[in-house]
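# Residue-level structure breakdown
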Amino acid sequence: MAERKLLILFGSQTGTAEDTAERIGREAKRRHFQSRVEALDSYDVANLINELLVIFVCATTGQGDPPDNMKMFWRFLFRKNLPPSSLCQMDYAVLGLGDSSYPKFNFVAKKLHKRVLQLGGSPLLPVALGDDQHDLGPDAVVDPWLLDLWDKILALYPLPPGLEIIGPDVRLPPKYTLHYLAEDSSCSDGGLLQPTAPRAVPSELHPFAAQMVSNQRVTAESHFQDVRLIEFDVTGSGITFSAGDVVMIQPQNSPEDVQQFCQLLRLDPDRHFVLKPSEAGTALPPFLPQPCTIQHLVTHYLDISCVPRRSFFELLSTFSPDELEREKLQEFSSAQGQEELYSYCNRPRRTTLEALWDFPHTTCAIPPEYLLDLIPRIRPRAFSIASSMLAHPSRIQILMAVVQYKTRLSKPRRGLCSTWLASLNPQHGDVRVPLWVKKGGMKFPVDPDTPVIMIGPGTGVAPFRAAIQERVAQGRRGNCLFFGCRQKSKDFYCQSEWEELVTKGFLMLFTAFSRDQEEKVYVQHRIRENRKLVWELLSGRNAHVYLAG
């Protein structure tokens, strides 16, 4: 009988594709398959020719781009020299997650499906195109597709004699077991933020603990929005970047949330533990030190402020000793309960921590080793770099709006990363922030005579500040900036800097202050007013146009 092995490979940017891949992995285990779930770039692509059964789950980002954790795989798969029979023994299926409001909807999944077919793979099903725009989200497509998929797979690989599908009332073992260490064992915590001797260039696995040098509010105190210009010192990191690049910052939970979480789950924050994989071949989480404290796990790893997904309620229901709570959790994790879950979670942006408050009997029954299955890890946040190395060597600056808004919940919603960064005060001691740099999507012209038209309302001006600083340092003059905000006196970022460059002849500046007069004026009005100049730059001088929001 054929070996019942299933490989699930995912490319995920925000964690949705990873969550879906893990769900397929759990469903495979319930059908007695040996299943592995891996990010496409963690998988050794040379082994792909030996795989018999593979499910690909992939998101599409930006303008039809593959997610960061499948870029190497993508390049390999599209090599011209791969023989057309490379994958001839593979049965496969592709599940795409996208957003139909973008022109290149699910482009990566469609292209991947076609390419594996070209290389000899046999598709089990047509490609599934999950859509964020659907009222029920991607699950509207994913749920029925998975039912079809399991029918197809079980026809090829029937259940072994005497075995049944493991029902949803049986809890699967955790991915890792958690072993507490003796109280007196000494081991240090905080491996994440120790400034390390630079190995290679900093990356997600090895961020650089950059010192925060300044954290300055650049909007008037009376303005409704708090926007910060924050500067980091990256001396000795080996980091280099150019205008248009992005800095990735790894945030952490607030001490109040960490304390609440530990109290709710009756966890001792100072306990040390080590993790052991439940199955041979499962890698340990790469972002956690071993041994680790509960405090470190909850502060730096578990995303307790994210809006919980359906899989959270599904697993949570299996711990519940309380019948009422269990029924509600089961409803939230059923296909029929998705509208209700959307109203409870997504619409009001309820956090994981707040959801746990609402199910107190269940929450205090959560076994600690399931925490890593239950709650995803904190994802890094991306910020456009707002400075140039030519103007500020060994420094990175960002222009950041502190995210805060109201929903029907009484407590205002706050962005995890921006709230944390805003709370740090470098005047009160040494403040370190884990970061690394990524290539951005904006490339500025190499030819020094090519003019640049930049349209950057609000904090969208950040990458253009980097570009203008860089171009001025190189002596380039054709810089044209359209900047928009609400009021000249309240949120005109970097005003004196722009005005000085205008005086020196390095910058043409057009501003739109939407609330400073009766009728609202936006950047598009200023562009229309200056259409002669804009057309002259475009048609006569081959200007490049950039837009950031």
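Residues numbered from 1 in each chain as written. Predicted model: local features only at pLDDT ≥ 70, side-chain atom pairs only at ≥ 80, totals over all residues. Heavy atoms only, no water.

As annotated in an unreviewed UniProt entry, the protein is NDOR1 oxidoreductase from Casuarius casuarius. UniProt annotates the protein under Subunit (unreviewed entry) with the comment "Interacts with CIAPIN1; as part of the cytosolic iron-sulfur (Fe-S) protein assembly (CIA) machinery. Interacts with DCPS." (UniProt positions renumbered as here; feature names shortened; annotations may be inferred.)

Attention now goes to the UniProt feature "domain: Flavodoxin-like" (unreviewed entry) in the protein. Under the UniProt annotation, the feature "domain: Flavodoxin-like" (unreviewed entry) is placed at residues 6–150. As annotated, residues 6–150 comprises 32% helix and 23% strand, and the C-alpha atoms at either end are separated by 12 Å. (Helix = DSSP H or I, 4+ residues; strand = E, 2+ residues; numbered from the N terminus.)

Counting buried positions along strand E9 (residues 227–233) gives 7 out of 7 residues, so the element sits mostly inside the fold. Side chains Val227, Leu229, Glu231 and Asp233 of E9 all project onto a buried face; the interleaved residues Arg228, Ile230 and Phe232 project onto the opposite face, where all are buried too. Note: strand E8 (residues 208–217) against E9, 6 bridges, orientation antiparallel. Its bridge partner lying in E9, Arg217 is registered against Arg228. Summarising the sheet, E9 and strand E14 (residues 395–401) pair through 7 bridges and their orientation is antiparallel. Residue Val227 lies in a different strand from E14, and its bridge partner there is Ala401. (Buried < 20%, exposed > 50% of the residue type's maximum accessible area, 1.4 Å probe, protein only. Pairing = 2+ DSSP bridges.)

Attention now moves to the packing of aromatic side chains. Within this structure, the stated rule accounts for 14 aromatic pairs. Between Phe483 and Tyr493 the ring centres are 6.0 Å apart and the planes differ by 65°, which places this aromatic pair in the edge-to-face class. Remark: Tyr493 occurs in the loop between helix H15 (488–491) and helix H16 (495–503) and Phe483 occurs in strand E19 (residues 479–485); sequence separation between them is 10 residues. Each member of the pair, Phe483 together with Tyr493, is buried. One residue, Lys111, lies across the ring of Phe78, its end atom 5.0 Å from the ring centre. Here the basic side chain of Arg477 rests over the ring of Phe506, its NZ or CZ set 4.3 Å away from the ring centre. (Phe/Tyr/Trp six-rings, centres within 6.5 Å; stacked < 30°, edge-to-face > 60°. Lys NZ or Arg CZ within 6 Å of the ring centre and 35° of its normal.)

This brings us to the confidence of the model for the protein. Mean pLDDT for the protein: 94, with 97% of residues reaching 70 or above. Of the regions scoring below 50 in pLDDT, residues 190–196 engages in 13 contacts with residues more than four places distant in sequence or in other chains. (pLDDT = per-residue confidence, 0-100. Contact = heavy atoms within 4.5 Å.)

What follows covers the pattern of salt bridges. Taken as a whole, this structure holds 26 salt bridges when the rule is applied. Among the salt bridges present, the one from Lys29 reaches Glu279, with a minimum N-O distance of 3.8 Å. Residue Lys29 is found in helix H1 (residues 16–30), and its partner Glu279 is found in the loop between strand E11 (272–277) and strand E12 (292–293); the two are separated by 250 residues along the sequence. Taking relative accessible area as the criterion, Lys29 reaches 28% and is therefore assigned partly exposed. The structure contains a network of salt bridges with shared partners spanning Arg23, Glu27, Asp139, Asp143 and Arg310. (Salt bridge = Lys/Arg side-chain N within 4 Å of Asp/Glu carboxyl O.)

Counting residues in each nonpolar core, the largest one holds 39 residues, and the members touching the most others are Phe261, Leu297, Leu302, Phe313 and Leu371. The residues touching Phe313, leaving out its near neighbours within four places in the chain, are Pro308, Leu329, Phe332, Ser333, Leu341, Tyr344, Cys345, Ala355 and Phe359. Ranked by size, the runner-up nonpolar core spans 29 residues in total, among them Ala243, Ala386, Phe464 and Ala548. (Core = buried A, V, L, I, M, F, W, Y, C linked by side-chain atoms within 4.5 Å.)

Moving on, we come to the sheet that holds strand E21 (residues 544–547). Reading across the sheet, the 4 strands line up as E20-E19-E18-E21 and stay open at both edges, with parallel pairing between neighbours. Sheet topology places strand E20 (507–513) and E21 at the edges, where each strand pairs with a single neighbour. Between one strand and the next, the sheet's axes are offset by a mean angle of 15°, whatever the strand orientation. Of the strand pairs in this sheet, strand E18 (residues 452–455) and E21 are connected by 4 bridges, and their pairing is parallel. Paired with Val452 across the strands is His544, a residue of E21. This element, H16, spans E19 and E20 of the sheet and lies at about 140° to E20. (Axes fitted to C-alpha atoms, helices over the stretch in contact; angles between N-to-C directions.)

Quick look at the UniProt feature "domain: FAD-binding FR-type" (unreviewed entry) in the protein now. The UniProt record marks residues 205–445 with the feature "domain: FAD-binding FR-type" (unreviewed entry), using the residue numbering of this structure. Structurally, residues 205–445 is divided into 29% helix and 21% strand, and its ends, taken at the C-alpha atoms, are 32 Å apart.

This part covers the state of the cysteines. One pass over the full model with this rule turns up 0 disulfides. In this model Cys417 remains outside any disulfide bridge; the closest cysteine sulfur is found in Cys306, 15 Å from its own. As a non-bridged cysteine, Cys485 has Cys494 as the owner of its nearest cysteine sulfur, 11 Å distant. Taking the relative accessible area as the measure of exposure, Cys485 reaches 10% and is therefore buried. (Disulfide = S-S within 2.5 Å.)

Here the focus is the pairing of E18. Burial along E18 is two-sided: the residues Val452 and Met454 and Ile453 and Ile455 are all buried. Here E18 pairs with E19 via 4 bridges, running parallel. The residue of E19 that forms the bridge with Val452 is Asn479. Between E18 and its parallel partner E19, the chain crosses via helix H14 (residues 462–473), and the hand of that crossover is right-handed. (Right-handed = clockwise from strand over helix to strand, strands pointing away.)

On to unusual backbone geometry. Backbone torsion omega between Gln290 and Pro291 reads -10°, so that peptide bond is classified as cis. As for its placement among the helices and strands, Pro291 is situated in the loop between E11 and E12. Phi at Cys494 takes a positive value of approximately 55°, unusual for a residue other than glycine. With respect to the element layout, Cys494 can be found in the loop between H15 and H16. The phi dihedral of Asn542 is positive, around 60°, even though this residue is not glycine. In this structure, Asn542 sits in the loop between helix H18 (531–541) and E21.

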